[in-house]
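Descriptive structure summary
One letter stands for each residue in the lines below.
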Protein chains: 2
Amino acid sequence: MKVRNLVGQRFKERPSDCVVDSHALMVRGGYMKYVGSGIFSEFPVLRRVTKKIENIIREEMDAIDGQEVLFPVVMPAELWEESGRYDSIASELVRFNDRNKARMVLGMTHEEAAVQLVREFGQSYQQYPFMIYQIQRKFRDEARPRAGMIRVREFTMKDAYSFHTSQEDLEEYYQRCYDAYNRVFARAGVPEVVTVASDSGMMGGSVSHEYMLLNEIGEDSIVLCEDCDYSANMEAAQNIVENNFDIPVAEITEVHTPDKKTMEEVCEYLNADLKLSCKAVVYQKNADDKFVVAFTRGDFEVNETKLRNLVGEEIHPAVIDEESPVIAGFIGPVGLSKDVEVYYDLSLKGIPALVAGANKVDYHFTGVNLERDVEGVVYQDIAKVVEDGICPKCGKHSLTIKRGIEVGNIFQLGTRYTESMGMTYTDKDGVVHNPIMGCYGIGVGRLAASVCEAKHDDYGPIWPISIAPWEVHLCCLRADDEQTKAVADEMYAKLKAAGAEVIYDDRAGIRPGEMFADADLLGVPIRVVVSPRNLKENKIEISTRDKSVKDSVDMENALEYVLNLKKEMFDALNK
Amino acid sequence: MKVRNLVGQRFKERPSDCVVDSHALMVRGGYMKYVGSGIFSEFPVLRRVTKKIENIIREEMDAIDGQEVLFPVVMPAELWEESGRYDSIASELVRFNDRNKARMVLGMTHEEAAVQLVREFGQSYQQYPFMIYQIQRKFRDEARPRAGMIRVREFTMKDAYSFHTSQEDLEEYYQRCYDAYNRVFARAGVPEVVTVASDSGMMGGSVSHEYMLLNEIGEDSIVLCEDCDYSANMEAAQNIVENNFDIPVAEITEVHTPDKKTMEEVCEYLNADLKLSCKAVVYQKNADDKFVVAFTRGDFEVNETKLRNLVGEEIHPAVIDEESPVIAGFIGPVGLSKDVEVYYDLSLKGIPALVAGANKVDYHFTGVNLERDVEGVVYQDIAKVVEDGICPKCGKHSLTIKRGIEVGNIFQLGTRYTESMGMTYTDKDGVVHNPIMGCYGIGVGRLAASVCEAKHDDYGPIWPISIAPWEVHLCCLRADDEQTKAVADEMYAKLKAAGAEVIYDDRAGIRPGEMFADADLLGVPIRVVVSPRNLKENKIEISTRDKSVKDSVDMENALEYVLNLKKEMFDALNK
């Protein structure tokens with residue numbers, strides 16, 4: 001392929017609407033084109049990258065006995081009603097009526113389709129285990145698409161579904177897939193991706209992991225231990241709090257706290273320690289607007305996902321008015337309306353005397369002792385882990401919080417879908433069971449953008465050779481010079497004949513600076529430059545996009561040099 | 001891959017809801033699963049077939065300098081409003097609102113997305129010509145999905161778009177694509193696909209061709225000349241009629257034809273020749289319900305597409321009531337209401353005296369002479385070609401009409417989209433033009449099903465080796481016999497090591513009949529059978545699915561024999 005024929009334009013200026021570097025570079029480099037909010041077309045350069053990622057994933061899925069299938073993008077609503085998700089998923093699920101007024105959905109994930117496909121096939125235990133996967137477009141109507149290809153509404157995803165007759169078998173396969181995912185990320189050039197325990201969210205199931213590429217533009221918070229190998233995302237990270245406050249139990253006392261509504265304001269006003277206060281955060285259930293109050297120690301934050309999992313249904317931040325059973329700014333555990341569902345965080349346990357709302361306008365209590373003053377209090381983990389928090393694995397105060405981009409996830413689903421959708425098999429003894437499922441996803445476009453985010457400089461992406469649009473970028477400086485052009489043409493032919501993927505820039509009348517700027521934006525790992533100056537010394541210049549190599553090589557050795565470099569680069573990724 | 005692990009069940013009974021053979025066999029063989037009307041999932045067997053078809057197409061598109069891109073399935077309505085198709089396409093185009101009430105559509109074709117992608121890139125003449133293509137899912141809300149994968153609502157399609165600065169350049173590229181398509185179909189095992197001139201329909205543009213696999217289950221009528229190479233689909237086939245009726249001109253005479261409403265009834269009643277009658281067919285314009293009457297010779301049928309193209313807008317069969325400006329059953333050219341738009345077919349030209357409606361209940365005219373009795377009559381081609389009609393190319397009465405499945409199409413679009421969407425380039429002299437487009441489609445799933453329809457027997461598909469799910473089907477009869485199993489296992493290993501794609505049936509306790517029935521359904525071209533009986537004579541049985549080869553081969557020669565067979569099969573497709 002010649003640069004002169006490549007569809008997609010490159011330009012210098014960073015587009016003002018691109019917040020993250022990968023987005024800006026992929027727009028500037030002619031990789032992607034905005035079509036609508038969270039919707040992009042892929043230019044040929046990006047399509048070459050995503051096809052390579054797809055093939056790496058395909059190979060690794062085949063290697064763990066996956067069988068490729070294809071589910072539809074558009075599905076009848078009935079299929080999603082079988083699992084209950086037609087009603088339980090909010091507006092991310094696109095619903096529409098077809099020409100016959102039949103209700104349809106756009107696939108944002110395919111658990112239902114997977115179960116529907118194999119429900120008849122999997123009726124005997126002898127068929128198990130098996131795994132099916134697809135690489136297919138999905139549409140998820142995200143509220144806030146962002147960061148270019150990182151969070152979009154339409155995306156290509158590899159989603160895999162495994163089926164098992166025992167938890168042990170699922171766990172064994174889950175481990176194989178866990179390892180396969182690590183191979184995918186290593187082969188794609190980001191072996192530094194970390195695995196974190198995660199919350200399963202709307203997928204159902206219990207054990208799950210996310211593959212995170214640590215990066216400050218990531219929207220996920222990851223909890224890592226600096227002393228051991230513990231890792232989890234914020235939703236799944238257990239928050240451990242040790243309360244050893246050497247203070248006396250006190251009498252509960254109502255104090256006037258006019259207009260002091262946040263616990264920080266109250267504690268400052270009362271000259272009290274925020275750690276000895278009980279903060280309220282109020283939600284409502286989506287289904288019936290019932291109020292849910294979560295109490296934490298004043299210096300902790302509620303993790304909404306943890307709370308949602310305890311509540312067992314969808315919740316949203318409360319809208320409090322005069323009719324509400326709570327008084328905004330003055331909510332506390334003592335004297336709270338019985339119409340409210342209450343949760344206490346572990347961080348409140350063992351504190352002899354707390355400052356807390358008095359459920360009365362402009363009043364708080366001091367001296368609240370939960371064990372004494374509230375009947376049947378139960379402490380649960382609903383708060384977010386904090387920097388320097390206690391590691392659940394090694395017990396040290398060694399937790400740190402980083403940002404990460406989720407590039408993959410794996411779930412142990414259990415029988416969540418097979419049960420609701422009536423998929424059963426008969427075991428050896430004629431007993432009927434629901435098979436146990438796992439599911440495993442990787443977003444193709446997001447992985448491409450994440451690699452770009454992790455591997456770039458100011459001038460463009462620095463693609464790992466395995467997913468680079470081409471392996472070699474051949475520049476002919478002064479293509480108007482007959483001899484130079486002849487040498488470069490020959491090099492092009494030789495490289496292609498030797499099986500290298502080459503993009504060749506033989507544009508005449510282009511300044512070297514412009515040619516190199518284009519090459520930087522294409523981010524091809526190996527660069528070969530043929531120029532009149534080098535040719536005088538019978539040399540060809542060979543360098544790498546990451547600047548680790550820059551060599552002037554004798555012309556007769558150039559081809560071999562490039563092929564060796566290519567091999568080394570692949571070996572480094574596959575080791 | 002082993003049959004025992006293959007996901008997808010096979011069964012004997014023809015499903016009652018399958019009308020065509022390919023559908024029945026692909027359901028029975030575990031290829032596809034019904035999800036909703038015109039919506040299917042692909043089991044691993046079919047996915048292997050469709051991937052191979054996709055790769056053949058990809059190679060041929062790359063070979064004519066196509067660059068692969070990817071457009072979204074979901075697009076904003078605004079994009080389709082730019083071209084005017086948001087309003088002009090009826091309910092096949094799925095429209096819905098996203099969570100923010102933005103109007104969206106599902107891509108059923110991607111001309112708009114193609115122009116949007118390259119609108120900025122293609123601003124200079126120096127960028128031309130170029131071609132981009134994608135292989136992507138589409139959703140078209142067909143009124144009548146039918147015949148399994150032949151006519152579905154959701155499908156994978158390769159769609160390509162080329163851009164040019166002159167009609168000559170388009171035509172040159174069009175020819176390259178025309179040839180590439182023939183290579184695709186030849187490589188996919190259906191070199192017998194014929195190319196027919198076609199009507200461009202809603203795509204706009206003028207010249208277009210369809211690739212037709214002649215088959216009685218096809219829903220398209222194709223006009224072929226039995227004497228020359230003329231071919232066209234019914235919509236595009238020119239209808240030539242030579243009228244040499246040696247009858248006198250007569251006076252126009254009103255005759256009583258009580259309750260005789262069809263021209264057949266009238267002519268029978270009047271003892272007149274149907275060929276000397278003028279039949280009316282009535283439509284209404286979709287936009288304003290205005291009446292449109294098409295007159296043809298009594299023995300011809302109106303082709304609705306030809307008429308629609310002349311009218312220049314969408315029409316539908318008329319609903320006639322007492323308010324209408326026409327009287328059902330008695331419509332004729334003389335005395336017809338001025339509120340009606342009238343078209344005359346060429347078949348009426350040169351007939352001295354016609355029977356025709358008198359626009360009066362229970363009356364017809366005889367002796368109608370259109371040139372004499374109707375002012376400014378213009379004859380146009382609006383009728384369907386008939387069997388033994390006159391070939392527009394060689395002039396003989398040699399036309400025949402066949403059924404065909406459309407497996408691909410190519411269009412010269414002109415500036416239909418670039419003009420409406422404001423895509424321009426500046427030429428050498430600084431003059432601004434709209435680029436000229438071509439577009440080129442192949443449905444992947446439909447091609448798979450069409451090949452199956454063309455190549456099957458009662459027991460299953462007979463896949464061409466290029467798109468077969470596997471190349472070799474290895475059967476171990478009596479896998480419970482240790483020696484037989486060992487030989488078969490070794491054969492499996494050797495075949496795989498030699499690069500053959502093998503499906504291996506080593507199920508014990510399966511009757512040979514059942515094993516062969518499964519193999520027939522999988523339709524793999526080369527079959528290798530290892531059995532105790534053959535082994536006694538040191539033989540392995542090798543046959544082909546199409547029954548052209550059935551041989552007992554010495555064990556030591558078996559591998560080479562299979563590999564040769566494979567090579568021959570591929571050579572036959574690539575020649």
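Calculation criteria
- Residues numbered from 1 in each chain as written.
- Chains lettered and ligands numbered in written order.
- Predicted model: local features only at pLDDT ≥ 70, side-chain atom pairs only at ≥ 80, totals over all residues.
- Helix = DSSP H or I, 4+ residues; strand = E, 2+ residues; numbered from the N terminus.
- Buried ≥ 20, exposed ≤ 12 C-beta atoms within 10 Å, placed from the backbone.
- Contact = placed C-beta atoms within 7 Å.
- Nonpolar A, V, L, I, M, F, W, Y, C, P; charged D, E, K, R; others polar.
- Core = buried A, V, L, I, M, F, W, Y, C linked by C-beta atoms within 7 Å.
- Pairing = 2+ DSSP bridges.
- Axes fitted to C-alpha atoms, helices over the stretch in contact; angles between N-to-C directions.
- Parallel < 35°, antiparallel > 145°, perpendicular 65-115°, else oblique.
- Left-handed = near helix turned anticlockwise from the far one by under 90°.
- Domains from an automatic or database assignment.
- Least-squares fit on C-alpha atoms with pLDDT ≥ 70 in both.
- Expected span 1.5 Å × (residues − 1).
- Arc of directions from axis to C-beta.
- pLDDT = per-residue confidence, 0-100.

What to know about the overall build of chain A
The number of helices and strands found in chain A is 15 helices and 31 strands. Each principal axis of the C-alpha distribution contributes one length, and for chain A these read about 95 × 65 × 50 Å. Here chain A holds 575 residues, and 50% of them are scored as buried. In chain A, the proportion of contacts linking residues at least 24 apart, taken out of those at least 6 apart, comes to 72%.

Quick look at the interface of chain A and chain B
The partner chain B presents 43 residues to the 43 residues of chain A that form the contact. Counting residues per element, the ones that place at least two in the side of chain A that touches chain B are strand E1 (32-36), strand E2 (39-42), helix H2 (44-63), strand E3 (66-68), strand E4 (74-76), helix H5 (111-118) and strand E7 (130-139) of chain A. Taken together, the residues that form the side of chain A that touches chain B break down as 25 nonpolar, eight polar and ten charged.

A few points about the nonpolar core
Ranked by size, the top nonpolar core spans 276 residues in total, and within it A:Ala448, A:Leu474, A:Val528, B:Ile132, B:Ala448, B:Leu474 and B:Val528 carry the most contacts. What A:Leu474 contacts, discounting residues up to four positions off in sequence, is A:Ala488, A:Met491, A:Tyr492, A:Leu495, A:Val502, A:Tyr504, A:Asp505 and A:Val528.

Examining the environment of B:Tyr34
All names here are of chain B. Its location among the elements puts Tyr34 in strand E1 (residues 32-36). For Tyr34, a count of 15 C-beta atoms within 10 Å gives the class partly exposed. Separated by 114 residues in the primary sequence, Tyr34 and Gly148 have C-alpha atoms spaced 8.8 Å apart.

Structural notes on the sheet that holds strand E27 (residues 472-476) of chain A
Residues and elements named next belong to chain A. Reading across from one edge, E28-E27-E29-E30-E31 is the order of the five strands in this open sheet, with mixed pairing throughout. Of all the strands in the sheet, just strand E28 (502-505) and strand E31 (550-554) have a single pairing partner and so form its edges. With strand direction ignored, the average angle separating the axes of adjacent strands in the sheet is 20°. Two strands pair when backbone bridges link them, and E27 and E28 are joined in this way by four bridges, in the parallel orientation. Across the sheet, the residue bridging to Val472 is Val502, located in E28. Taken strand by strand, helix H12 (residues 482-497) contacts E27, E28 and strand E29 (526-530), and its axis lies near 165° from that of E27.

Some remarks on the packing of H2(A) against helix H6 (residues 167-187) of chain A
All names here are of chain A. The N-to-C vectors of H2 and H6 enclose an angle of 155°; their axes lie 10 Å apart at closest approach. Considering the angle they form, H2 stands roughly antiparallel to H6. Two packed elements cross with a definite hand, and for H2 against H6 that hand is right-handed. Seen from H2, the contacting residues are Ile56, Ile57, Glu60, Met61 and Ala63; seen from H6, they are Ala180, Arg183, Val184 and Arg187. Tallied by class, residues from the contact of H2 with H6 come to six nonpolar, no polar and three charged.

Notes on the domain arrangement of chain A
Its domain assignment divides chain A into domain 1 (17-73 + 106-222 + 402-453), domain 2 (253-380) and domain 3 (470-574). Computed over C-alpha atoms, the centres of domain 1 of chain A and domain 2 of chain A are 39 Å apart.

So, the sheet that holds strand E5 (residues 95-97) of chain A
Residue and element names in this part refer to chain A. Overall, antiparallel pairing links the three strands, which are arranged E4-E6-E5 in an open sheet. Each having just a single partner strand, E4 and E5 make up the two edges of the open sheet. The mean angle between the axes of side-by-side strands here comes to 40°, regardless of whether they run parallel or antiparallel. With three bridges joining them, E5 and strand E6 (residues 103-106) adopt antiparallel strand pairing. Bridge assignment links Asn97 to a residue of E6, and that residue is Arg103.

Thoughts on the relation of the copies chain A and chain B
At an RMSD of 0.2 Å, chain A and chain B line up after a rotation of 180° and a shift of 0.1 Å along the axis. Such a combination of turn and shift is consistent with a two-fold rotation axis. Closest approach to the rotation axis among the C-alpha atoms of chain A is made by A:Phe96, whose C-alpha sits 3.0 Å away. The fraction of interface residues of chain A whose copies in chain B are also interface residues reaches 100%, indicating that both copies meet through the same surface.

Focus: helix H11 (residues 444-454) of chain B
With respect to burial, H11(B) is a largely interior element, eleven of its eleven residues being buried. Within H11(B), the full set of buried residues consists of B:Val444, B:Gly445, B:Arg446, B:Leu447, B:Ala448, B:Ala449, B:Ser450, B:Val451, B:Cys452, B:Glu453 and B:Ala454.

As for the environment of A:Ile542
All names here are of chain A. Within the fold, Ile542 resides in strand E30 (residues 539-544). Taking the C-beta count within 10 Å as the criterion, Ile542 has 20 such neighbours and is therefore assigned buried. Here the alpha-carbon distance between Ile542 and Asp506, two residues 36 residues apart in the chain, equals 17 Å. Leaving out residues up to four positions away in the same chain, Ile542 has contacts with Val528, Asp551, Val553, Ala558, Tyr561 and Val562.

Describing the pairing of strand E18 (residues 354-360) of chain A
All names here are of chain A. Taking burial as the measure, the seven residues of E18 include six buried ones, the bulk of the element. Examined bridge by bridge, strand E14 (residues 277-285) and E18 share two bridges and lie parallel to one another. Looking at E18, one finds that Ser277 is bridged to Val355. Taken together, E18 and the strand that follows it, strand E19 (residues 363-368), pair antiparallel across an intervening segment of two residues, in which Asp362 is found at a positive phi of about 70°.

What about the packing of helix H2 (residues 44-63) of chain B against H11(B)?
Residues and elements named next belong to chain B. H11 packs onto H2 with a crossing angle of 110° between their chain directions and a minimal axis gap of 9 Å. On the basis of the axis angle, H2 is roughly perpendicular to H11. Relative to H11, H2 is oriented so that their crossing is right-handed. Facing Leu46, Val49, Thr50, Ile53 and Glu54 of H2, the residues of H11 in contact are Val444, Gly445, Leu447 and Ala448. Along the lines of polarity and charge, the residues of the contact of H2 with H11 split into six nonpolar, two polar and one charged.

Looking at the pairing of E29(A)
Residues and elements named next belong to chain A. Taken across its five residues, E29 has five buried, putting it largely inside the fold. Across the two faces of E29 the burial is the same, with Ile526, Val528 and Val530 and Arg527 and Val529 all buried. Two strands pair when backbone bridges link them, and E27 and E29 are joined in this way by five bridges, in the parallel orientation. Residue Cys476 lies in a different strand from E29, and its bridge partner there is Val530. With four bridges connecting them, E29 and E30 associate as antiparallel partners. Across the sheet, the residue bridging to Arg527 is Ser543, located in E30.

Let's talk about helix H6 (residues 167-187) of chain B
Three- or four-residue spacings in an α-helix give side chains the same orientation, since the helix completes a turn every 3.6 residues. Residues and elements named next belong to chain B. Compared with the 30 Å implied by 1.5 Å per residue over 21 residues, the 30 Å span of H6 between its first and last C-alpha is a close match. For H6, the full list of buried residues reads Leu170, Tyr173, Tyr174, Cys177, Ala180, Tyr181, Val184, Phe185 and Arg187. The arc that holds every buried residue of H6, seen down its axis, measures 150°, which confines them to one face. The exposed set on the far side of H6, more than 90 degrees from its buried face, consists of Glu168, Glu172, Gln175 and Asp179.

Digging into the confidence of the model for chain A
Low pLDDT marks stretches whose predicted atomic positions should not be read closely. Of all residues in chain A, 99% have pLDDT values of 70 or greater, and the mean over the chain is 94. As scored by the predictor, the complex reaches a pTM of 0.89 and an ipTM of 0.88.

Observations concerning unusual backbone geometry
Cis geometry is found at the peptide bond from A:Tyr128 to A:Pro129, where omega equals -10°. Positive phi, normally seen in glycine, also occurs at A:Asn359, with a value near 55°. Of note, A:Asn359 is situated in strand E18. With 21 C-beta atoms counted inside 10 Å, the residue A:Asn359 sits in the buried group. In this structure, B:Asp65 is a non-glycine residue whose phi angle is positive, near 65°. Relative to the elements of secondary structure, B:Asp65 occurs in the loop between H2 and strand E3 (66-68). For B:Asp65, a count of 14 C-beta atoms within 10 Å gives the class partly exposed.

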